[in-house]
Structures are given as structure tokens and as C-alpha cells.
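Descriptive structure summary
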Amino acid sequence: EAAKEAATDYTLNELMTVLASREIKDGAVVFVGIGLPNLACNLARNTHAPDMCLIYESGAVGAVPDRVPPSIGDPALVTGSLMVASMQDIFQAMLQNGKIQVGFLGGAQIDRYGNINTTVVGDYKKPKVRLPGAGGACEIAIHAQRVLLVCKLDKRTFPEKVDFITSPGSFSRGKSRKDWGMPGRGPVKCITNMGILEPDEKTGEFVLTAIYPGVTFDQVKANVGWPLKAREPLRSVDLPMAHEIKLLREKLDPKRLHIK
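Notes on the structure follow.

The rules we used
Residues numbered from 1 in each chain as written. Predicted model: local features only at pLDDT ≥ 70, side-chain atom pairs only at ≥ 80, totals over all residues. Heavy atoms only, no water. Buried < 20%, exposed > 50% of the residue type's maximum accessible area, 1.4 Å probe, protein only. Helix = DSSP H or I, 4+ residues; strand = E, 2+ residues; numbered from the N terminus. Pairing = 2+ DSSP bridges. Core = buried A, V, L, I, M, F, W, Y, C linked by side-chain atoms within 4.5 Å. Contact = heavy atoms within 4.5 Å. Salt bridge = Lys/Arg side-chain N within 4 Å of Asp/Glu carboxyl O. Axes fitted to C-alpha atoms, helices over the stretch in contact; angles between N-to-C directions. Parallel < 35°, antiparallel > 145°, perpendicular 65-115°, else oblique. Left-handed = near helix turned anticlockwise from the far one by under 90°. Nonpolar A, V, L, I, M, F, W, Y, C, P; charged D, E, K, R; others polar. Disulfide = S-S within 2.5 Å. Polar contact = N/O pair within 3.5 Å; in protein donor to acceptor, adjacent residues only side chain to side chain.

Turning next to the pairing of strand 10 (residues 146–150). In terms of residue burial, strand 10 counts as a mostly covered element, since four of its five residues are buried. Here strand 5 (residues 102–105) pairs with strand 10 via four bridges, running parallel. Within strand 10, the position partnered with Phe104 by the bridge is Leu148. Two elements, strand 10 and strand 13 (residues 187–191), share four bridges in a ladder whose sense is parallel. Counted as the bridge partner of Leu148 is Lys189 from strand 13.

This is how it looks when you write it as C-alpha cells:
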């Protein structure tokens, strides 16, 4: 019965984490980084997807971390994992070989076509801010069978056009993914703090497909840098259950590193 009880108290970060976790099917091979996506994967593994396989860029395959790892080099990812491989094996044998079914990404900027910028804000030669760079995000964006984005909405983060394309989305520089020869489907869903964006089947442009309780379309529209469209009818979302929030707070992130 507890599993059927809806949560009455949760943060937006917890809501985003729960919704992201539900995108993962049991048995899925998932390439994951740090932050909310990592928390979402471990929530899925502790609820409906016990046989999912977590792969980290640092080389841990089938990781079963018993705490929230602060980085991809955390030793908690090694303990109990199926294998620890080189980064070369992770990228060549698994990612570029089409073995990764789901890849999670976020970024400093995400545009209307799901292109991601984690390189610079402003002009590349004289940037206002220099960001961490690509890491493995570009390869994930190109090769993962499905890409899920998790990011909070605001106009600065969701401009009409990113300052630099680090990781390609559905449509970039005048060409579609098919035109560029990219094997993965690209971004299939962007889970935000207000609603869910998905690419239009014809144009690849992000449109609003689901909205959270208490949020209006105008509020979402005001937080993106392009004339946002909605796919009617807008869906509602299944809200977090009590056992999911309890797992997040008591087992997966007791120090509230990500769900604060």
C-alpha cells in the first residue's frame, strides 16, 4: 500500500529526478554522469529497474554505488561493479559501438533543437565565461540510442541559439542528424522544473508536451528564448510517490547534495 501512496511534500529537484528515473526501463544500458541524472538512475535501480546497467565515463561498468558519488572518479563506483575498463573501451567498444541505450545530458545552454553548449558563453575567441568543455557529452549525444536532458528552465539556459555547439541535437548548422550521419536518435525528451519538452517529429524543434501542476503555458514560454509551441492536448505528469521520495531522502541522497 505504501508504494501506491502519493507524496505530499517534494522539491522540484525531487520531481525532476523521479520523472527522469521513470524513463529508464529494466535491463537498459545507461551512460550516466553526476548530479540529478545519476540520482535518477540509482532511484530507478532501487525501484522498477533492478537489472539496469550503469556505465560511467571513468570506466565503471555495471556500477552499484551505495552513496551519491561526487565525481565520476569516486571509488564507490568501483565497489561491486561488473567490470572496470579503460575510458578507451567505454567510448569505443560500448558507446561508439551502439551499445548504450540511454544517455543523460545537461548543459549551460540548450537551444530550440536540443543542441548543447558546455564550452563557452559568448564569442569562442573572447568568451564571457569559459565552461568545463565537452567531456564525453559530444560522443553521448551522437552515439547513444536515446538522449534524455535534465535541466531547469530559464531564458539564459534555453536560448534560441547556443553560443557554441558542444553536443549536437536534432538539427544543427542547417542539417538534420541523418544528414550529418549521426547514428543515435538524439534528444528525445527534456525534463525541466516546469514541464517536459520533446522534439517535433517534423522540425526537431522542442515543443512543450507536458506541464506540472500549478504551472501555466505562459510561465514556461517566458523561460525559453524562442516562440515555444505546445503539443495539444498538454499532458499532466504522474507525480512522485511517497516511497520514491523516501528512497531519495533516506538512502540515495541523505545529505541533500542534489535534492536540496
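From this point on, the discussion continues.
Grouped together as the largest cluster of nonpolar side chains are 33 residues, with contacts concentrated most on Ile55 and Phe158. Broken down by secondary-structure element, the contributors of at least two residues to this core are strand 1 (29–32), strand 2 (53–56), helix 3 (87–95), helix 4 (137–143), strand 10 and strand 15 (206–211). Excluding its chain neighbours within four sequence positions, the residues that come into contact with Phe158 are Ile110, Cys151, Lys152, Leu153, Cys190, Thr192, Leu197, Asn223, Val224, Gly225 and Trp226. Counting 29 residues, the second largest nonpolar core, distinct from the first, contains Cys41, Leu77, Phe104 and Ala210.

Moving on, we come to the pattern of salt bridges. Under the criterion given, the structure shown has nine salt bridges. A salt bridge links Glu244 to Arg22, with the nearest nitrogen and oxygen atoms 2.8 Å apart. Here the residue Glu244 occupies a position in helix 7 (residues 242–252), and Arg22 occupies one in the loop between helix 1 (12–21) and strand 1, the gap between them amounting to 222 residues. You can call Glu244 buried: its relative accessible area is 6%. Salt-bridge contacts for Arg146 lead to Glu23; the nearest nitrogen and oxygen are separated by 3.6 Å. Here Arg146 is found in strand 10, whereas its partner Glu23 is found in the loop between helix 1 and strand 1, with 123 residues between them in sequence. The class for Glu23 is buried, based on a relative accessible area of 19%. The network of salt bridges with shared partners includes Asp9, Glu14 and Arg249.

This next bit is on the packing of helix 1 against helix 2 (residues 36–45). Across the interface, helix 1 lies against helix 2 with an axial gap of 8 Å and an inter-helix angle of 55°. Overall, the two elements helix 1 and helix 2 adopt an arrangement that is oblique. Once helix 1 is placed against helix 2, the crossing between them reads as right-handed. Packed against helix 1, whose contacting residues are Asn13, Met16, Thr17, Val18, Ala20 and Ser21, the element helix 2 presents Leu36, Leu39, Ala40, Leu43 and Ala44 at the interface. Among the residues forming the contact of helix 1 with helix 2, the class breakdown is eight nonpolar, three polar and no charged.

Within this structure, the stated rule accounts for zero disulfides. Residue Cys138 stays outside any disulfide, its sulfur separated by 18 Å from that of Cys151, the closest cysteine.

What follows covers the side chain of Asn117. For Asn117, the position within the fold is in strand 7 (residues 116–117). You can call Asn117 buried: its relative accessible area is 0%. One polar contact links Asn117 to Gln109, side chain to side chain, over a distance of 2.8 Å. Each residue touching Asn117, except ones within four places of it in the same chain, is listed here: Gly107, Ala108, Gln109, Leu131, Val162, Asp163, Phe164 and Thr166.

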